[in-house]
Amino acid sequence: MEVDIERHDAIKRRLRARKITFVKIAQDLGISQPAVTRVCQGYARSIRVEEAIASGLNVTPQSLWPDRYVNEEAPMN
């Protein structure tokens, strides 16, 4: 998985504009804040964390990290 610090910073800024922090996401998920950071940066992958971040921005995880979903099929209706 490739690290994209610029994308990470942009996501953090967008969340901050909505008054959402990685700490809050971590608390909601019952995990550590560094775990959320590692997923956002690309050092780790967690669908659950990706979905929580995307939900906070009212977007899909695929729109935030298209490179992570390249080989996955579109969801069934």
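Quick caveat, the model's predicted, so the values are computed rather than measured.

Visitor: Can you tell me about helix α2 (residues 22-29), naming the residues and giving the values?
Guide: When we look at burial in α2, the residues that qualify are Phe22, Ile25, Ala26 and Leu29. Summarising the axial view, the buried residues of α2 lie within an arc of 100 degrees, below the 170-degree limit, and thus occupy one face. Seen from the buried face of α2, the exposed residues on the opposite side, beyond 90 degrees, are Gln27 and Asp28. With its phi angle positive at about 70 degrees, Gly30 sits one or two positions after the end of α2.

Visitor: Which residues make up the pattern of salt bridges, and what values do they have?
Guide: Under the counting rule described, the total for this entry stands at five salt bridges. A salt bridge links Asp4 to Arg7, with the shortest nitrogen-to-oxygen separation between them at 3.8 Å. Given a relative accessible area of 19%, Arg7 falls into the buried group. Here Glu50 makes a salt bridge to Arg68, at a shortest N to O gap of 2.9 Å. Placement of Glu50 in helix α4 (residues 47-56) and of Arg68 in the segment after α5 (61-64) is noted, with a sequence separation of 18 residues between them. The same class applies to Glu50 as to Arg68, namely buried. In this structure, a network of salt bridges that share partners links the residues Asp4, Arg7 and Asp67.

Visitor: Kindly report on a nonpolar patch on the surface, identifying the contributing residues and their values.
Guide: Residues Val3, Ile5 and Tyr43 make up a contiguous nonpolar surface patch of roughly 250 Å² in combined accessible area. Along the chain, the position of Tyr43 falls in the loop between α3 (33-41) and α4.

Rules behind the numbers
Residues numbered from 1 in each chain as written. Predicted model: local features only at pLDDT ≥ 70, side-chain atom pairs only at ≥ 80, totals over all residues. Heavy atoms only, no water. Buried < 20%, exposed > 50% of the residue type's maximum accessible area, 1.4 Å probe, protein only. Helix = DSSP H or I, 4+ residues; strand = E, 2+ residues; numbered from the N terminus. Arc of directions from axis to C-beta. Salt bridge = Lys/Arg side-chain N within 4 Å of Asp/Glu carboxyl O. Patch = residues over 30% accessible without salt bridge, like charges linked within 9 Å, V, L, I, M, F, W, Y side chains within 5 Å. Areas by Shrake-Rupley, 256 points an atom, 1.4 Å probe, with all protein chains shown as cover.

Any functional reading would require information beyond the geometric quantities listed.
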